[in-house]
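If you want the building blocks of each chain, they are given just below.
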Amino acid sequence: MNEPQKLMNEAQKLVNEAQKLVNEAQKLVNEARKLVNEAQKLVNEARKFINEAQKFINEAQKFINEARKLVNEAQKFINEPLIFVYLLFWLVLGLFYLAFAPIQPEANSQPKNLTSFTRISHKQ
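Colleague: Quick question: what am I supposed to make of the overall build of the chain here?
Modeller: Scanning the chain from N- to C-terminus turns up two helices and zero strands. Relative to its full complement of 124 residues, the chain shows a buried share of 0%.

In structure tokens:
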């Protein structure tokens, strides 16, 4: 009876050790669950941050698009007067040329004596 009792005591010790290991494993599992929950909270916070950042980016993109529209409109207002000024410059230059350039006869043409022509026509 002594030997079976010893074996029973050894077996009980092993069962107790196994139970301690199971308890330790359960503690580790609980800690891992806590860490997973904390990680999930961090992921959720990160998603909220990303969503807010995306909203900000979308608003910034709208602002950029509006700014581009304004730049395009401003470019139209700049280009149209420049074309007008360019055409006006050539018009004024042409008028100055006509006003101050000497009128030169063609190379082959002879000046006509209009007075003799008028006298002849009146005599008839």
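There is more to say, and it comes next.
Colleague: Hey, could you run me through the pattern of salt bridges in this one?
Modeller: Note on pairing: side chains with opposite charge can pair once their charged atoms come close. Counted by the stated rule, this structure contains ten salt bridges. With a closest N to O distance of 3.9 Å, Lys 13 and Glu 10 form a salt bridge. Within this pair, Lys 13 and its partner Glu 10 are both found in helix α1 (residues 2-100), separated by three residues, close to a single helical turn.

Colleague: Help me understand the packing of aromatic side chains, please; the structure alone is not making it clear to me.
Modeller: The full count for this structure, using the stated rule, is two aromatic pairs. Between Tyr 86 and Trp 90, the ring centres sit 6.4 Å apart and the planes meet at 75°, which makes this aromatic pair edge-to-face. Of this pair, Tyr 86 and Trp 90 both sit in helix α1, separated by four residues, roughly a single helical turn. A relative accessible area of 51% places Tyr 86 in the exposed class. Judged by centre distance (5.3 Å) and plane angle (75°), the ring pair of Phe 89 and Trp 90 falls under edge-to-face. Feature note: the residues Tyr 86, Phe 89 and Trp 90 constitute an aromatic cluster, connected by ring pairs.

Rules used in this analysis
Counting starts from 1 at the beginning of each chain's written sequence and moves along it residue by residue. This being a predicted model, a pLDDT of at least 70 is required before a residue's local features are given, and a value of 80 or more before pairs of side-chain atoms are given or counted; all residues contribute to the totals for chains, interfaces and linings. Where side-chain values are given, they derive from all heavy atoms of the structure, hydrogens and water being excluded. Labels follow the DSSP assignment, with helices taken as runs of H or I lasting at least four residues and strands as runs of E lasting at least two, numbered in each case from the N terminus. The buried label goes to any residue with under 20% of its type's maximum accessible area, the exposed label to any with over 50%, and the partly exposed label to all in between, with areas taken from a 1.4 Å probe on protein chains only. Think of a salt bridge as a Lys or Arg side-chain nitrogen and an Asp or Glu carboxyl oxygen that are within 4 Å of each other. Aromatic rings from Phe, Tyr and Trp, with only the six-membered ring used for Trp, were paired whenever their centres fell within 6.5 Å, and each pair was classed as stacked if the ring planes differed by under 30 degrees, edge-to-face if by over 60, and tilted otherwise.

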